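# Survey of secondary and tertiary structure
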Amino acid sequence: MAAAPPPQQHGHPHTSVGLGYFHLRLVGPAPALLLLRSDRLYSLSPSRRRGHRLRLLLDRPRRPHARGLLLSTSDCALRLTHRFYGDGAPSVNGRPLRARTPAELAVGDEVSVLWCGARYGLVVERFVLCGGGGCGAAGGAGSFGEGLVVRAESLRKRLRAISESEDPLSFLRDSSCLGNGGADAGVKELRQGGAGDLCPGNSAHPASDQNLPQDDCNLDQGKLEHHPDVAKGVGADTELCQESKGCGDDNEDQTGCSNGNGKQHHTEGCHSDGSTFFLNRLVGIGSLSDMRVEPHTGVTLPQLLHPVESLVRVFIATFTSDISWFLDYCKIPQHLPVTVACHNKERCWSASSENRMAAPFESHPNLLLVYPRFPEEIAFGKDRKKQGVACHHPKLIVLQREDSMRVVVTSANLVPRQWHLITNTVWWQDFPRRTSLDYAALFSAAEKQKSDFAAQLVSFVASMVNEVPSQAYWINEIAKYDFEGAGGYLIASIPGIHARAPPYLESNYFLSEKHILHTKSAHRMFVGSVQTSVVGISHRFNMPSDAGSQLRALSAFLGKCRVNMHGTTEVILKRSTNIPADSNAVSVLVADLDKFSEEGSVQLGFLPREVAKWVAPLCDSGFFNFSGFIYPREALEAAFGVTNTKVQLLLYVSKGPEFSRISELMCDQHFPPLCSLIASLKQCLGLWQLEEVLSNIKWPETLETDFIYSASSIGTSINPQFIASFASAAGKRPDQDFDSQESDPEWGCWTAKHELKKPSISLLFPTIDRVKKGVCGIHLCRNLLSLPEKTWQRLRPTGIFHDAIPQPYARIGHPMHVKAAQRRFESRPGGHSFGWTYCGSHNFSPAAWGQLLSPPSKANPTEARAAPSGPRLHICNYELGIILISPPPGMSKHASESGHRIDGISLPFVVPPPRYKGSDRPATRLAMREAVAEACVLQSNDVVDLSDDTDEDVPDEDDEQEVELSDCSQQEKEEEKIYAETLWGQVDSSQSQGKD
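Reading guide: rules and limits
- Numbering of residues begins from 1 in every chain and follows the order in which that chain's sequence is written.
- At least 70 in pLDDT is required for a residue's local features to be given in this predicted model, at least 80 for side-chain atom pairs to be given and counted, and no such filter applies to totals for whole chains, interfaces and linings, which use all residues.
- The side-chain quantities take in all heavy atoms of the structure and omit both hydrogens and water.
- Paired strands, as defined in this entry, are two strands with at least two bridges between them according to DSSP.
- In this text, helices come from DSSP runs of H or I with a minimum length of four residues, and strands from runs of E with a minimum of two, each type numbered from the N-terminal end.
- All axes here are fitted lines through C-alpha atoms, helices being fitted over the stretch that makes contact, and every angle between N-to-C directions spans 0 to 180 degrees.
- Any two residues having at least one pair of non-hydrogen atoms within 4.5 Å are treated as being in contact.
- UniProt positions are given in the numbering used here, feature names are shortened, and annotations may be inferred rather than shown by experiment.
- Remark: nonpolar core denotes a set of buried residues (Ala, Val, Leu, Ile, Met, Phe, Trp, Tyr, Cys) joined through side-chain atoms within 4.5 Å.
- Each residue is placed in one exposure class: buried if its accessible area under a 1.4 Å probe, protein chains only, is under 20% of its type's maximum, exposed if it is over 50%, and partly exposed if it falls in between.
- Throughout this description, a polar contact denotes any pair of N or O atoms lying within 3.5 Å of each other; where both atoms belong to protein, one of them has to be capable of donating a hydrogen while the other can accept it, and for residues adjacent in sequence the pair is counted only when both atoms sit in side chains.
- Aromatic contacts are taken between Phe, Tyr and Trp rings whose centres are within 6.5 Å, Trp giving its six-membered ring; a plane angle under 30 degrees counts as stacked, one over 60 as edge-to-face, and the others as tilted.
- Counting as a charge over the ring demands two things of the Lys NZ or Arg CZ atom: a distance within 6 Å of the ring centre and an angle within 35 degrees of the ring normal.
- Put simply, a salt bridge is a Lys or Arg side-chain nitrogen that is within 4 Å of an Asp or Glu carboxyl oxygen.

## Quick word on the sheet that holds strand E27 (residues 526-534)
With antiparallel pairing, the six strands of this open sheet are ordered in space as E27-E32-E31-E28-E29-E30. Since the sheet does not close on itself, it has two edges, and those belong to E27 and strand E30 (602-606), each with one partner. Looking at each pair of strands side by side, their axes are set apart by 35° on average, direction ignored. As paired strands, strand E31 (residues 624-630) and strand E32 (residues 647-655) are joined by seven bridges and run antiparallel to one another. Its bridge partner lying in E32, Phe-624 is registered against Lys-655. Lying over the sheet, helix H15 (residues 609-620) contacts E27, strand E28 (569-575), strand E29 (586-590), E31 and E32, oriented at roughly 135° with respect to E31.

Below, the structure is given as structure tokens:
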């Protein structure tokens, strides 16, 4: 819809060059295509009548708008003049323009301006010359020549921008990520098309949402008024309103309403230094103009893998997957080793090791599917058969090459729709190969590393492949690369009920292959700790033969043992190589540590088989030393039969005598036990890792400007307590609270009480109206968005919900699957900005981040345990994300952070987000069901049911239960009892034979 040209006025005559039209693509809250005649003066300014819209004023305004743009098109040249001052001044191709100084624009130039707090863009798409006064056929050859001149001018400006950039190589490399665009492509297209596509002799066709047909240059003024993609002039004051975008079979390629399996054009490779994240490139908005509006954000999956010929191995973790599409789309070589860890409800909950993997593709014999196991402790009733709320939900890609390893953390699953039709975040960084393997970097507690990126990555990978020995080699491969320059911090979540890692304790005795090693430990040698247990206590001390004497001896030792400040005492670990049932068996002994003798000790039990199978070979090789601690009272109660719960054992791990030579001595048989060790070591996870990363900086509360979180799924059990826990972990602190004392354990922490008084976070979720108006309507979001109606009703009074409007504006109408958060600070209005940004797979739910468990009730004394029960974190899902920190000036912890600028991170949604109005309703499950039902009534003959087409089948958390700390006490499993009884039988047999 074009603006009708006004009557010709003095000072703006038709030129001898001929009449033409400039095609300007307006992007922002109201995107539109403008056609400006080449003999007029226009003005663009904000309109307040219908919100933040743009209006097109024809002719010279009587009173120039102080915040408007003047566009002059005389002599077939487009010139821009503005009267902005300060931070809101317009810029062309990223360079600010001086006020009142005309700037000539060429095809391909992008104008950016800040109006009323919103960012608008203007892209010069093309200039169509229609001849001396009309659009006759005689103008054909001239149009072609003029078009080449205009495009050559655009190319000249781009070359100048490259030469004037601070880093031309990075400029060119980043520009290669933009796809099939650029002035050179335009010139090539023009040459191939000849004069035909600019010739005014072709018939007119309606333009689609995304692409204007090449033959629209013949549209005369009457036809322009009826064009569906052009702003239509009504008088001299024209509102530019966003058109509703439809979806149908006839325009599938433009709107992206197909299943996403269509081929997508992509360029070679892409680069990132890890300081920011990008967005995936969507089908339908990858045209030349759209890619200029959306710089450095459109990346495809083949670009990330390019060149596939140099790949050595690939590891992928995803929720849903379409492996056949991935192999074909990315041209994966048939013999490339590819490991894909993915979700399968039945297999992940199965206890059978046979269900841990599958190799279903004969054409790719080295492709293996892995199904990580969910721990029994998070199942309903702790019964694996009943399953529970759990999900393998990370989106990780590790690409190994001989000289580098690329780590990709994204929010997109391995399915075509998520990479082609739905907005997702993509972070990646390349890490160089080391000259020699560095196993110490895999243990964050081994030494103070500049970054724990390697330790977090290897721990997360180990947790997924721990039960698949053939994939344990990934631990060794990761040790070959240097992750010290990581641009962010990994945040991982692993299912389980986790306790905080205990502090370092000095040990006196270590497990050894041939004898018990008596030597003091050193903190610098400490690697980490493992939470395990002692099995076989109930069997040993309930035998009628010598139960009484054994109990008396145990009571005597434990009664006079030295208990440290944490309530534990050291025990002796002994290799029991003489037990035929298990050559890896490890016995647990209690003795007088001051004058230890094996004959004067009492055997308490054994390490569990699953732990002994990796402790023994790592001890025997000399790579690691192991020592153990127990809670004395807990062991006594189990021995006397007061309780039938497991007896905890804290296994401390330190560097062994051969650790310095581990790179030389490590062989294939050591990979599985090393993988199990790394998977078992305590790590900060979920909320606790978020707190660990952000606690090193004291964030100034009074300077906070934004604290936002956008997610495609919001958990059922979200309440002020969880929101407060998340905010506290993110560094949120209350003002001085005079109602509480420093002795209060919650003193200085952000609690539910503070959350109810003043909500801390703005939660972004699309409204149902926004979803309905999407390019494909409700169907693409039905299995993508998840917000239970009762959660919305419970949180509605808090006012924390805000609309999620996609950004850049070319993505409006396309669903978002991003999980992104940012907390931003400003030193002063308009001053230096700093803060942190998260992107990854974590939705806003306790299942993803973890739920802090409530302590057992004091009213029930039977719940009290002999071992102290500190805080626990109940996590249901496998998740992975990345935190990018932009520290306050002068507070950078690492050199890699000093170059981070939070202003350089473009969030995929509009900020600040608009708060829900009274009539707004989020796209809850109920709201979407009602919308689908309404569509069925209105279009009963044309309804397409996509209910079985699942992209993001978010687990239903309606059955999520409140878990108390007392529920964490586990009983000995039947297989552990059988294992311990077998070992005890052979120990007793060997002892009786020795006496004979």
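## As for the UniProt feature "site: Interaction with DNA" (unreviewed entry) in the chain
In the numbering adopted here, UniProt assigns the feature "site: Interaction with DNA" (unreviewed entry) to Ser-845. Within the element layout of this structure, Ser-845 appears in the loop between strand E37 (833-840) and helix H24 (846-849).

## Focus on the nonpolar core
In this structure, Leu-301, Phe-326, Leu-396, Phe-624 and Phe-626 are the most contacted members of the largest nonpolar core, which totals 202 residues. It is helix H11 (residues 453-465) that contributes the most residues to this core, nine residues altogether. Other than its neighbours up to four places away in sequence, Leu-396 contacts Phe-315, Ile-316, Ala-317, Val-407, Val-408, Val-409, Leu-457, Phe-460, Val-461 and Leu-880.

## Some remarks on the environment of Asn-366
Its place among the elements puts Asn-366 in the loop between strand E17 (357-358) and strand E18 (367-370). C-alpha separation for the pair Asn-366 and Gln-334, spaced 32 residues apart in sequence, amounts to 7.8 Å. Polar side-chain contacts of Asn-366 include one of 2.9 Å to the backbone oxygen of His-335.

## Regarding the packing of aromatic side chains
Scanning all chains against the criterion turns up 29 aromatic pairs. Ring centres 5.3 Å apart and planes at 85° place the aromatic pair Trp-792 and Phe-801 in the edge-to-face group. For the pair Trp-792 and Phe-801, one class covers both residues: buried. The ring of Phe-707 has Arg-823 sitting right over it, with the charged end atom 5.4 Å from the ring centre.

## Brief notes about the environment of Val-563
Position of Val-563 relative to the elements: it lies in the loop between helix H14 (547-559) and E28. In this structure, the C-alpha to C-alpha distance between Val-563 and Ile-630, residues 67 residues apart in sequence, is 9.7 Å.

## Considering the pattern of salt bridges
In total, this model carries 24 salt bridges according to the counting rule given. For Arg-373, the salt bridge identified is with Glu-467, shortest N-O distance 2.8 Å. In this pair, Arg-373 is assigned in the loop between E18 and strand E19 (391-392) and Glu-467 in the loop between H11 and helix H12 (473-478), connecting sequence segments 94 residues apart. Accessibility expressed as a relative area gives 29% for Glu-467, which makes it partly exposed. A salt bridge links Glu-976 to Lys-646; its shortest N-O distance comes to 3.4 Å. Pair noted here: Glu-976 is in helix H27 (residues 974-995) and Lys-646 is in the loop between helix H16 (632-639) and E32, with a separation of 330 residues, a long-range link. An identical accessibility class is assigned to Glu-976 and Lys-646; each is buried.

## Some words on the side chain of Lys-819
Positionally, Lys-819 belongs in the loop between strand E35 (801-802) and strand E36 (820-826). For Lys-819, a relative accessible area of 0% corresponds to the buried category. Within the structure, the side chain of Lys-819 is placed 3.4 Å from the backbone oxygen of His-817, a separation counted as a polar contact. A distance of 3.1 Å separates polar atoms of two side chains, one belonging to Lys-819 and the other to Asn-843. Apart from residues no more than four positions distant in its own chain, Lys-819 is found in contact with His-393, Ser-411, Ser-710, Ala-711, Ser-712, Tyr-838, Cys-839, Gly-840, Ser-841, His-842 and Asn-843.

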